[in-house]
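Residue-level structural notes
Here is what each chain is made of, one letter per residue.
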Amino acid sequence: MAERRPVTAPRTAPAASGALDARAPRLDIQVLRAIAVALVLVYHLWPTALPGGFIGVDVFFVISGTLITAHLLREAESTGRVRLARFWATRARRLLPLAFAVLAATAVGAWFLAPPSQLDAILRHVVASTLYVENWLLASDAVDYLAAEQAPLPTQHFWSLSTEEQLYLAWPLIVLAAAWLGTRRAARRRRGDRARAVRRVVAVALAVVLVASLAHALVATWTEPGLAYFATTTRAWQFAAGGLLALAFDAIGRAPASRRGLVLRTAGAWVGLALVVGGALVITGATPYPGVAALVPVAGTVLLLAGGAVDRWFAPGGLARVRPLVWLGDVSYGVYLWHWPLIVLLPGAIGELTDAAKVGIAAASLALAAVSKRLVEDPIRFGAFWRARAWRGFAVAAVGSVLVLALAGSGLVAVQVERERSDALAEALLEQAASAPLPSAAPAPSGPSPTPVAPPDPSQPLVPTVGARSSDFAGMYDCFDLNGTGPYICPYGTATDPTIEVALVGDSHGAHLVPGMSHALEQLGGTLTTYLGILCDSPLEGQCAGGEEMVERLLAADYDLVIATSARISTHDDDELHGFWDLLRDAGVPLLLVAGPPQHSADAFACVDASGGDPAAAASCVTPLDEALDELPERITPYAIEHDVPYVDLAVPLCDDAGCHGTVGNVVVYMDTPASHITGTYSRMLQPFWVDTIRSLTS
């Protein structure tokens, strides 16, 4: 993963009331919301200026936990129960209308502005965001070997909304269970006794949640960082910290009753503000998170909430007198929802974002938030019709989700139709190429070919189509250890009495050779056995799960040829790679080394997307030679020459004096960047070359 943490943004956690006490609104909480959303907005627009601005998410989680617990606690104390349907309906009216409006706008905007190769992922995440499981899908992607390098998606910021919605489902159940237990304990006693009993049980329940969730967060941050960042179970402690603060407010009161209390809470609030702002400046994307570092913004927010009721000019709570800050807090939910899709999608229309464009995005986010609050949020949140019956809140959820799911679903159907069209075009092209194959790599010195890369036929389409290339796998990962659980060893080709037995060992850059190589062995009447997994280009190293077993079986099988691969971006050093190759040579194994393709730059990848499928335009999409070949030199050629081992350099057919191309003829070469995996179609185009090469080395 290029970065430990995908770019994320928080979502404000509004409550039915604006404060801990519904009769006395806390404007300082709106100021705190304004600070949190400002941190996130600046972080996303100018990340180097505020590297830890993402901690605004944590601030919102604590605010939400405080407000929601206080709201539920009032009802539980007074009645001994919680009206679940009414609570959830209120949350639906408050949160869902604008969320669904933004998701619908994002789906439509992505169709026109996003790169075609990203549409499938974007629409899948729109669906996940609509169903409030975006955080779990992002957690899955973070540990998914194939999805870890995907470009930022315009719905990624919905992970925090999904987390909060899941906690909104669980939190009233916790309070309700506590109210039931407290009421039983206080049976036949005065109302005050019941209230105290309820509070005690709620306090114990929230303390258990805090300790268990924090422990999970601390462990998972080191063992499963991708999961830890997005999982609800690693964020619940922040909610619980706010909930415990809500329980403490009866003890500390809305305002300090003594000079000493005033001094302590004012000092605590300043310390809290310093922790939040200082954390945003000191914490970075490289900081393990949400581990110990997450205690900083959480503690800061608790101190600010506890001391924010002091609205004197010398206290942070006095910032509530600054009306623009209060207004920003009022519209913080909309600012949060609108800003990230604008950041991700607008470059598709205006190109790379300049500072002026970023200022424009900030202004547009504020304007959209203000307009949508007036036209979308408030009418449904406060309208008498919608508040009259709880079921109407659920109707908002049902109708909105159906509309967004229908919109995203229709887009996914269109993407699937495009994929099937691409597959048909690929099959037709492969049939033509059987008699006149494209030029391909050969066991020859590295570097650009003196012969220009094959030009396209302008009258024929690109294959795979631009929109389908990111999923043009052609079975390359059908037998691949994507989860790092153990060796995946699979045979392809002739099952009985094969004329040739070949093994292929490597990581994903070995897997992307499978479509063409397996068909080549089938054509030769032989078998191809694959030994493929994450970081298995050097299977003797511990990062390759089950690598020792793979090597034992590889050496015991007596193959006619073993093909070992390594990519330019391999994380193994020379000694680790050479050690494996030396082992094969020393064992007398017939060896062919394959150097991976050139690095495909993000600019060249975007250029192919922007071509709109025009072969002539796509043919101009090249990565400069120094960037493609020199920045990450391949390690196979020097070793092969020194030890007289046959080798193939996949850069040869892709590079000429103009640079390294993203297309050869009408074939799109790369399915991604920066990993630079080749498409299944291009892999299949190499079949004739593998037939000739394997035949010559095994005859």
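Structure report, in brief. The shown structure was predicted, so the numbers you read here are calculated from the model rather than taken from an experiment. (Residues numbered from 1 in each chain as written. Predicted model: local features only at pLDDT ≥ 70, side-chain atom pairs only at ≥ 80, totals over all residues. Heavy atoms only, no water.)

Quick look at the packing of aromatic side chains now. Here a ring pair, both rings aromatic, is described through the centre-centre distance and the interplanar angle of the planes. A full pass over the atoms with the stated rule returns 16 aromatic pairs. Consider the rings of tyrosine 229 and phenylalanine 230, whose centres lie 5.2 Å apart with planes at 85 degrees: the pair is edge-to-face. Like phenylalanine 230, tyrosine 229 is buried. On the basis of an interplanar angle of 75 degrees and a centroid distance of 5.6 Å, the ring pair of phenylalanine 473 and tyrosine 477 is categorised as edge-to-face. (Phe/Tyr/Trp six-rings, centres within 6.5 Å; stacked < 30°, edge-to-face > 60°. Buried < 20%, exposed > 50% of the residue type's maximum accessible area, 1.4 Å probe, protein only.)

All right, on to helix α27 (residues 687–698) then. For α27, built from twelve residues, the straight-helix expectation of 16 Å at 1.5 Å per residue is met to within 8% by its first-to-last C-alpha distance of 16 Å. Buried residues of α27: Gln687, Phe689, Trp690, Val691, Thr693 and Ile694, and no others. Residues of α27 that are buried sit in contact with β2 (501–506), α19 (514–523), β4 (561–566), β5 (591–595), β7 (647–649) and α26 (680–685). (Helix = DSSP H or I, 4+ residues; strand = E, 2+ residues; numbered from the N terminus. Expected span 1.5 Å × (residues − 1). Contact = heavy atoms within 4.5 Å.)

Within a sheet, neighbouring strands are paired by backbone hydrogen bonds and run either parallel or antiparallel to one another. Strand order in this open sheet of six strands is β1-β3-β2-β4-β5-β7, and the pairing throughout is mixed. Across the chains shown, the open sheet's two edge strands, defined by having one partner strand only, are β1 (488–493) and β7. Put simply, the sheet's adjacent strands are angled 20 degrees from each other on average, direction ignored. Pairing geometry for β1 and strand β3 (residues 527–532), over six bridges, is antiparallel. Bridge pairing in β3 links tyrosine 488 to leucine 532. Docked against the sheet, helix α21 (residues 574–586) engages β2, β4 and β5, running at close to 175 degrees with respect to β4. (Pairing = 2+ DSSP bridges. Axes fitted to C-alpha atoms, helices over the stretch in contact; angles between N-to-C directions.)

Moving on: the pattern of salt bridges. One pass over the structure, following the stated rule, counts twelve salt bridges. Residues arginine 124 and aspartate 120 are paired through a salt bridge, measuring 3.3 Å at the closest nitrogen-oxygen approach. Of this pair, arginine 124 and aspartate 120 both sit in helix α4 (residues 119–130), four residues apart, which is roughly one turn of that helix. Aspartate 582 is paired through a salt bridge with arginine 585; the nearest N and O atoms lie 3.2 Å apart. Linking aspartate 582 with arginine 585, this pair stays in helix α21, spanning three residues, or about one helical turn. Owing to a relative accessible area of 30%, arginine 585 belongs among the partly exposed residues under this scheme. Linked through salt bridges whose partners overlap, the residues forming this network are Asp120, Arg124 and Arg419. (Salt bridge = Lys/Arg side-chain N within 4 Å of Asp/Glu carboxyl O.)

Glancing now at the pairing of β2. With five of its six residues buried, β2 lies for the most part within the structure. Summarising the sheet, β2 and β3 pair through six bridges and their orientation is parallel. Bridge pairing in β3 links alanine 503 to threonine 529. Pairing analysis gives four bridges linking β2 to β4, with the strands arranged parallel.

Let us look at the sheet that holds strand β9 (residues 659–661). Read from one edge to the other, the open sheet built from three strands follows the order β6-β9-β8, with strand pairing classed as antiparallel. Taken across any chain shown, the strands that pair with only one partner, and hence form the sheet edges, are β6 (622–623) and β8 (655–656).

We now examine the side chain of arginine 568. On the secondary structure map, arginine 568 appears in the loop between β4 and α21. For the buried residue arginine 568, which engages in no salt bridge, the nearest side chain bearing the opposite charge is aspartate 649, 4.3 Å off. Polar side-chain contacts of arginine 568 include one of 3.3 Å to the backbone oxygen of proline 597. Within polar-contact distance, the side chain of arginine 568 engages the backbone oxygen of leucine 629 at 3.2 Å. (Lys, Arg positive; Asp, Glu negative; His and termini not counted. Polar contact = N/O pair within 3.5 Å; in protein donor to acceptor, adjacent residues only side chain to side chain.)

To continue, consider unusual backbone geometry. Following tyrosine 289, the chain continues into proline 290 via a peptide bond in cis, with omega recorded as 5 degrees. Examined against the element boundaries, proline 290 turns out to sit in the loop between α10 (259–282) and α11 (295–307). Note the cis peptide between valine 463 and proline 464, where omega equals -10 degrees. Tracing the backbone through its elements, the reader meets proline 464 in the loop between α17 (390–433) and β1.

Let us look at a negative patch on the surface. Judged by side-chain charge, Glu352, Asp603, Asp626, Glu627, Asp630 and Glu631 come together as a negatively charged surface patch. In terms of residue count, the dominant contributor to the negative patch is helix α24 (residues 625–630) (three residues). Tracing the backbone through its elements, the reader meets aspartate 626 in helix α24. Residue aspartate 626 is classed as partly exposed on the basis of its relative accessible area, which comes to 44%. (Patch = residues over 30% accessible without salt bridge, like charges linked within 9 Å, V, L, I, M, F, W, Y side chains within 5 Å. Areas by Shrake-Rupley, 256 points an atom, 1.4 Å probe, with all protein chains shown as cover. Charge placed at Lys NZ, Arg CZ, Asp CG, Glu CD.)

Now for the state of the cysteines. Under the defined criterion, the tally for this structure stands at four disulfides. Here cysteine 536 pairs with cysteine 544 through a disulfide, and the sulfurs are 1.9 Å apart. Between cysteine 536 and cysteine 544, the S-S torsion sits near 90 degrees, and that sign places the bridge as right-handed. Residue cysteine 607 pairs covalently with cysteine 621 via a disulfide, S to S 2.0 Å. Residues cysteine 607 and cysteine 621 share a disulfide whose torsion about the S-S bond is about -70 degrees; that sign makes it left-handed. Pair noted here: cysteine 607 is in helix α22 (residues 602–610) and cysteine 621 is in the loop between α23 (615–619) and β6, with a separation of 14 residues, a long-range link. The disulfide pattern of the protein is 1-2, 3-4, 5-6, 7-8 when the bonded cysteines are numbered in sequence order. (Disulfide = S-S within 2.5 Å.)

This is a description of form; function is not addressed.
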